[in-house]
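Working through the structure, step by step
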Amino acid sequence: MFEKFTPDARQTIVAALEESRLRGDRRIGTEHLLLGLLHQPDAARILGTDLHAARSILNALDRSALAAIGIDVEGVDRPPVPASRKRTPFTSGARAVIPRAVAEMKKTTNHGITLEHLLLAVLECERPDPAADLIAHLGIDRAVVRERVRNPRS
């Protein structure tokens, strides 16, 4: 499937994998895909935010969720996941992004899944999905982003 991805979309997936490892996660989730998108300057511009802000908010959301069940992680760092020869799996939510990106591609004349297709597919995530929570906390207006993607000159 990834052979249908354009180079910038592939770089986004590689960045998402690295983000999952940096966070100590063993699977690539929608939140990692969003962070991977923010590695791309065009996506960060379209979304109106940056990687640093998204990482900070995601960390705060994680701490808040853990605090809600009585776990205090203040001062505790997650170790990165060691490199493995096994392919890092996607969560079900992240797997669902791919067919949505394909559907976005089919609406255009492109013959490959682009950064913009991935971005539009991630925007479709709904709460309680981690990317949807992150989008909400970053104050990203989905309608504005969709308009920027579909009409880049406006």
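Refer to the structure above for everything that follows.
My aim in this report is to walk through the structure given alongside it, one point at a time. (Residues numbered from 1 in each chain as written. Predicted model: local features only at pLDDT ≥ 70, side-chain atom pairs only at ≥ 80, totals over all residues. Heavy atoms only, no water.)

1. Quick look at the side chain of serine 20
Stated formally: Strands are runs of DSSP state E lasting at least 2 residues, helices are runs of H or I lasting at least 4, and numbering of each runs from the N terminus. A simple rule labels every residue: compare its accessible area, found with a 1.4 Å probe on the protein chains alone, to the largest value its type can have, and call it buried under 20%, exposed over 50%, or partly exposed in between. Residue contacts are defined here by distance: any two heavy atoms, one from each residue, within 4.5 Å place the two residues in contact.
Topologically, serine 20 is positioned in helix H1 (residues 7–22). Looking at serine 20, the relative accessible area reads 0%, which means it is buried. With near-sequence residues (within four places) excluded, serine 20 lies in contact with Asp25, Arg27, Ile28, His32 and Thr88.

2. Comments concerning unusual backbone geometry
Here the residue pair arginine 127 and proline 128 is connected by a cis peptide bond, since its omega of 20 degrees sits within 30 degrees of zero. With respect to the secondary-structure elements, proline 128 resides in the loop between helix H6 (115–123) and helix H7 (130–138).

3. Side note on H1
The criterion, for reference: In a helix, the anticipated span is given by 1.5 Å times the number of residues less one.
With 16 residues, H1 should cover 22 Å at 1.5 Å per step; its first-to-last C-alpha distance of 22 Å lies within 8% of that length. Those residues of H1 lying buried are Ala9, Thr12, Ile13, Ala15, Ala16, Glu19, Ser20 and Arg21. Among the structural elements, helix H2 (30–38), helix H4 (51–68) and H6 are those in contact with the buried residues of H1. Glycine 24 lies just past H1 and shows a positive phi near 80 degrees.

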